[in-house]
Amino acid sequence: MSPQMTTWSFFADHRAEILGATLDHLTLVVIAMTIAILIGVPLGMFIVHRPALRAVALGVASIFQTIPSLALFGFLIPIPFIGGIGKRTAIVALVLYALLPILRNTYVGLTGIDPAVLEAAEAMGMTRAQILFRVRFPLALAIILAGIRTATIITIGVATIAAAIGAGGLGTFIFRGVALVSDSLILAASATLSSLQAPFPPPSSPSSPISSSASSNES
């Protein structure tokens, strides 16, 4: 039987198990992205006029982005309340990886507004808060969404490694396939992962100042 038929046969025979792993994978991604957005976007708005806090926030988020995923999982496991084996640790790690694209895109979008527009808003008597929510945020929305898209791509990829600490997801099939030297298992998980990332293509324009570093995190 050809490798292609073997892979399709595996899909047919284990479709329920693959669907369950896909739902687990999506659950990790959705929860992590929701938390990251709730932290990253307000924090990005908060640091616009606070240079000292901006340097600290972006610096800390950048540090987390440079730590390999398996190493970060290992660091988090012994920590009380947020550590341990399972989904909780995986979600914490995914949130830390997703923060940088969201935080930096939010800041860059909010501070990249044409000064003439801001001067016009000030001339109309708007307060700093009104300018932030009524002028800066709507104009920066496209760049913020680009950062969220980049973070989603990173999170989908890094969530694969979460299977190593018992968090489930499609990474389970990849690790099992490597252990059994089974191309069918690896290809089945890889194809499903690719389909999850397909709706989030990388931006073709310079609207997003963040380049994905998922490849380094997944090593």
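Everything numeric in this text was worked out from a predicted model, so none of it was measured.

Rules used in this analysis
Residues take numbers from 1 onward in each chain, read along the sequence in its written order. Restriction of local features to residues with pLDDT of at least 70 applies here, the model being predicted, together with a cutoff of 80 or more for giving and counting side-chain atom pairs; totals for whole chains, interfaces and linings are based on all residues. Where side-chain values are given, they derive from all heavy atoms of the structure, hydrogens and water being excluded. Helix and strand definitions here come from DSSP, where helices need a minimum of 4 consecutive H or I residues and strands a minimum of 2 consecutive E residues; each element is numbered from the N-terminal end. A simple rule labels every residue: compare its accessible area, found with a 1.4 Å probe on the protein chains alone, to the largest value its type can have, and call it buried under 20%, exposed over 50%, or partly exposed in between. Whether two residues are in contact is decided by their heavy atoms, any of which lying within 4.5 Å being enough. All accessible areas in this document rest on Shrake-Rupley with a 1.4 Å probe, and a residue is counted as covered only by the protein chains that are shown. We call Phe, Tyr and Trp rings a pair once their centres come within 6.5 Å, taking the six-membered ring for Trp, and we label the pair stacked below 30 degrees between planes, edge-to-face above 60, and tilted otherwise. Our definition puts a charge over a ring when NZ of Lys or CZ of Arg is within 6 Å of the ring centre and also within 35 degrees of the ring normal. Directions pointing from the helix axis toward each C-beta atom define the arc. Angular values range over 0 to 180 degrees, each being the angle between N-to-C directions of two axes fitted as lines to C-alpha atoms, with helices fitted over their stretch in contact. By the definition adopted for this analysis, an angle is roughly parallel if under 35 degrees, roughly antiparallel if over 145, roughly perpendicular if from 65 to 115, and oblique otherwise. Helix crossings fall into two classes, left-handed where the near helix is turned counterclockwise from the far one by less than a right angle and right-handed where it is turned clockwise. Charged residues are taken to be Asp, Glu, Lys and Arg, nonpolar residues to be Ala, Val, Leu, Ile, Met, Phe, Trp, Tyr, Cys and Pro, and polar residues to be all remaining types, Gly included. Under this definition, polar contacts are N or O atom pairs within 3.5 Å; protein pairs additionally need one hydrogen-donor-capable and one acceptor-capable atom, and for neighbouring residues in sequence, both atoms have to be side-chain atoms.

Asks: Talk me through the overall build of the protein chain; I want residue IDs and the actual numbers.
Replies: Check the secondary structure of the protein chain and you find 10 helices and 0 strands. In the protein chain, the order of α-helices and β-strands from amino to carboxyl end is α-α-α-α-α-α-α-α-α-α. Out of the 219 residues belonging to the protein chain, those deemed buried represent 43%. Of the contacts made within the protein chain by residues no fewer than 6 positions apart, 76% connect residues no fewer than 24 positions apart. Surface accessibility of the protein chain: about 11000 Å² in total, with carbon and sulfur atoms responsible for 70%.

Asks: So what's going on with the packing of aromatic side chains? Which residues, and what values?
Replies: According to the stated counting rule, one finds 0 aromatic pairs in the structure shown. Just above the ring of Phe-46 sits the side chain of Arg-50; from NZ or CZ to the centre is 3.9 Å. Above the face of the Phe-173 ring, Arg-176 is positioned so that its terminal group lies 5.2 Å from the ring centre.

Asks: Describe helix α4 (residues 69–76), with residues and values.
Replies: Every buried residue of α4 is listed here: Ser-69, Leu-72, Phe-73 and Leu-76. What you see down the axis of α4 is that its buried residues fit within an arc of 100°, all on one side.

Asks: Describe the environment of Val-29, naming the residues involved and giving the relevant values.
Replies: Among the structural elements, Val-29 can be located in helix α2 (residues 15–46). Residues Val-29 and Gly-169 lie 140 residues apart in sequence; the distance between their C-alpha atoms is 10.0 Å. In this view, Val-29 contacts Thr-155, Ile-156 and Ala-159; residues no more than four positions away in its chain are not counted.

Asks: Could you give me a rundown of the packing of helix α7 (residues 128–158) against helix α9 (residues 183–197), with the residues and numbers involved?
Replies: For any two helices packed against each other, the geometry comes down to the angle between their axes and how far apart the axes lie. Orientation of α7 relative to α9, taken along the N-to-C sense of each, is 165°, at an axis distance of 10 Å. Accordingly, the angle class assigned to the pair α7 and α9 is roughly antiparallel. At the point where α7 passes α9, the crossing takes the right-handed sense. Each of Ile-153, Ile-156 and Gly-157 in α7 lies in contact with α9, whose residues at this interface are Leu-193, Leu-196 and Gln-197. Partitioning the contact of α7 with α9 into residue classes produces 4 nonpolar, 2 polar and no charged.

Asks: Outline the side chain of Thr-160, supporting the account with residue identities and numerical values.
Replies: By the secondary structure assignment, Thr-160 is in the loop between α7 and α8 (171–180). Classification of Thr-160 as buried rests on a relative accessible area of 8%. A polar side-chain atom of Thr-160 sits 3.1 Å from the main-chain carbonyl oxygen of Gly-157. If sequence neighbours within four positions are ignored, Thr-160 has contacts with His-25, Gly-171, Ile-174, Phe-175 and Leu-193.

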